[in-house]
Each structure stands twice: as C-alpha cells, then as structure tokens.
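Okay, here's what each chain looks like letter by letter:
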Amino acid sequence: MNEYITSVLQALCRSAGVNGLHETSEVAKELLHLYTDDILIDVSGNVIATIPAKRADAPVVLLEAHIDEIGFIVTE
C-alpha cells in the first residue's frame, strides 16, 4: 500500500474518535489543509471542507464518511 495512505489511515485510527470527542475530526481537518483552507468542524464534530473547482462547469462532488467509533463506559 502507498506509504502516504498508510500514514493517513494510521493517524486517523490512532486518534480518539468516540462520539463527543473531536480528536479524529481535528486530524481530518489537518489532512484536508493540503487541499483547502475552507474547513470547519461543527458542534457535532462533523468536518466540512469546500475544495473549489478549477472550472466553472465542473460537477459538484460530495464525499461523505463516518469518522466516529463505538465507545464503552465500564462501570464494574
């Protein structure tokens, strides 16, 4: 596998992504800064980045994926 892809997957998988924590969102934001500065993280941890097209007639593409993971609270 490509070394860059491996490093991206490792960075995302090593960050805390349990619902309510935004560490993985911050990692994704930093990775997206390679392509755009128009990035925001909303109160739910959703990462929204807009990458402008070079052509006015270019199609609009939406890339959507889950970024959270299942978490447990152990009480006993």
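Everything numeric here is computed off the predicted structure, so don't read it as measured data.

Asker: Is there a simple way to explain the overall build of the chain in this structure?
Answerer: Secondary structure assignment for the chain yields two helices and two strands. Taken over the C-alpha trace, the chain has a radius of gyration of 15 Å; the compact-globule value for 76 residues is 11 Å, which it surpasses by more than 25%. Evaluated residue by residue, the chain yields a buried proportion of 12% over its 76 residues. The contacts in the chain between residues at least 6 apart in sequence include a share of 24% that link residues at least 24 apart. Working note: accessible area of the chain is about 6,600 Å², and carbon and sulfur atoms make up 58% of it. Seen as two clouds, the 4 positive and the 12 negative side-chain charges of the chain have centres 12 Å apart.

Asker: Teacher, can you tell me more about the side chain of T24 here?
Answerer: Position of T24 among the secondary structure elements: in helix α2 (residues 23-32). On the basis of relative accessibility, which here comes to 5%, the residue T24 falls in the buried class. Beyond its immediate sequence surroundings of up to four residues, T24 is in contact with L12, S15, A16, G17 and I67.

Asker: Any chance you could explain the confidence of the model for the chain here in plain terms?
Answerer: A low pLDDT score tells you not to read the predicted coordinates there in detail. When pLDDT is averaged across the chain, the result is 89; 99% of the residues are at 70 or more. Within the chain, the lowest mean pLDDT, 91, falls on helix α1 (residues 3-14), and the highest, 94, falls on strand β1 (residues 39-41).

Asker: Help me understand the pattern of salt bridges in this model?
Answerer: Side chains that differ in charge, positive against negative, can pair when their charged atoms come close. All chains considered together, the criterion is met by one salt bridge. The partner of R55 in a salt bridge is D57, with the nearest N and O atoms 3.0 Å apart. Like R55, the residue D57 is exposed in the burial classification.

Asker: What's the story with α2 in this structure? I'm lost.
Answerer: An α-helix turns once every 3.6 residues. As a result, residues three or four positions apart point the same way. Looking at α2, one finds that the buried residues are T24, S25 and A28. Down the axis, α2 shows its buried residues gathered within 100° of arc, on one side only. Summarising the contacts, the buried residues of α2 are in contact with α1, β1 and β2 (47-49).

Conventions adopted
Residues numbered from 1 in each chain as written. Predicted model: local features only at pLDDT ≥ 70, side-chain atom pairs only at ≥ 80, totals over all residues. Heavy atoms only, no water. Helix = DSSP H or I, 4+ residues; strand = E, 2+ residues; numbered from the N terminus. Rg over C-alpha atoms; globule rule 2.2 N^0.38 Å. Buried < 20%, exposed > 50% of the residue type's maximum accessible area, 1.4 Å probe, protein only. Contact = heavy atoms within 4.5 Å. Areas by Shrake-Rupley, 256 points an atom, 1.4 Å probe, with all protein chains shown as cover. Lys, Arg positive; Asp, Glu negative; His and termini not counted. Charge placed at Lys NZ, Arg CZ, Asp CG, Glu CD. pLDDT = per-residue confidence, 0-100. Salt bridge = Lys/Arg side-chain N within 4 Å of Asp/Glu carboxyl O. Arc of directions from axis to C-beta.

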